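Residues per chain are reported as follows:
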Amino acid sequence: MSSPSGPVSARPATAADVDAITAAFTTAFFHDPVWAPVFPDERRRAAQSAVMWRVYAAAALRYPWTFVTPGVESAAVWIPPDGEELTAEEARRLDDLIGEAAGPEAAAAAREIEERFAAAHPAGPFFHLTILATHASHRGKGLGMALLAETLTRVDALGAAAYLESTNPVNNERYQNAGFEPRAEVTMPSGRTVTTMWRPAR
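This write-up is about the structure you can find in this document. Note that the structure is a prediction, hence the values are computed from the model and not measured. (Residues numbered from 1 in each chain as written. Predicted model: local features only at pLDDT ≥ 70, side-chain atom pairs only at ≥ 80, totals over all residues. Heavy atoms only, no water.)

Topic: the side chain of Thr22
Step number 1: Mapping Thr22 onto the fold places it in helix 1 (residues 18-28).
Step number 2: Accessibility expressed as a relative area gives 4% for Thr22, which makes it buried.
Step number 3: The contacts of Thr22, once residues within four sequence positions are left out, are Ala50, Trp53, Arg54 and Ala57. (Helix = DSSP H or I, 4+ residues; strand = E, 2+ residues; numbered from the N terminus. Buried < 20%, exposed > 50% of the residue type's maximum accessible area, 1.4 Å probe, protein only. Contact = heavy atoms within 4.5 Å.)

Written out as structure tokens, the structure is:
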């Protein structure tokens, strides 16, 4: 993966960015080992999964911790300590929307993934990197890892720990290079293994 030519600027996302963030998530996770099986029909996967990613993108904006590159090529969603990724109402709405778009099996699969993620969360306060993605048309430029590095400086400035779930093992080494260490492995309904990773406060 090539590196960006210089430091990557990160700006807080706004409601006007939701479409672009959704597109980045949809393309970035199209072949993801954990999320792709939720939507098994590749011909319909983009449209179906976009319904899910839009809910996550919009919900995260309640906190000022979703950051994007200037053209929204990459996006990083952080949930601050004591925050919640989805409210109970948003989770119910998401379940209904996935069910309408892809059927009850897809809704149940997505719900089970999130439940297993939640059960693996460590105790104590931490910033949770729930989603880091780069649009497929900008892949290979180092934008995602550069955005991660830039946002981690903000977490570090608060003296906070950071946590994430790596759904694709090809990214584990990249996260380790950013200071994360493997913490545990979580088996998903598809049989795939997710590596949870922890970065101590600095």
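Observations concerning the sheet that holds strand 3 (residues 74-79)
Step number 1: Within the open sheet, the seven strands sit side by side as 1-2-3-4-5-7-6. Their pairing is mixed. At either end of the open sheet lies a strand with only one pairing partner, and these are strand 1 (11-12) and strand 6 (181-187).
Step number 2: Judged from the two bridges that link them, strand 1 and strand 2 (residues 66-68) form a sheet pairing that is antiparallel. Along strand 2, the bridge assignment pairs Pro12 with Phe67. (Pairing = 2+ DSSP bridges.)

With respect to the nonpolar core
Step number 1: Ile21, Phe25, Trp35, Met52, Trp53, Ile98 and Ile131 are the most contacted members of the largest nonpolar core, which has 39 residues in total.
Step number 2: For this core, the secondary structure elements donating two or more residues are helix 1, helix 2 (42-60), strand 3, helix 3 (88-102), helix 4 (104-119) and strand 4 (127-134).
Step number 3: Here this core takes seven residues from helix 2, the largest share from any one element.
Step number 4: If you look at the next biggest cluster of nonpolar residues, it comprises 18 residues, including Leu147, Leu148, Ala162 and Phe180. (Core = buried A, V, L, I, M, F, W, Y, C linked by side-chain atoms within 4.5 Å.)

A short note on the pattern of salt bridges
Step number 1: Applying the stated criterion across every chain yields a total of nine salt bridges.
Step number 2: Asp156 is paired through a salt bridge with Arg199; the nearest N and O atoms lie 2.6 Å apart. With a gap of 43 residues between them, Asp156 in helix 5 (residues 143-157) and Arg199 in strand 7 (residues 193-199) connect regions that are remote in the sequence. (Salt bridge = Lys/Arg side-chain N within 4 Å of Asp/Glu carboxyl O.)

Digging into the pairing of strand 6
Step number 1: Alignment of strand 6 against strand 7, held across six bridges, turns out to be antiparallel. Looking across to strand 7, one finds that Val186 is bridged to Val194.
Step number 2: The antiparallel hairpin formed by strand 6 and strand 7 contains five residues in its connecting segment, where Gly191 sits at a positive phi of about 95°.

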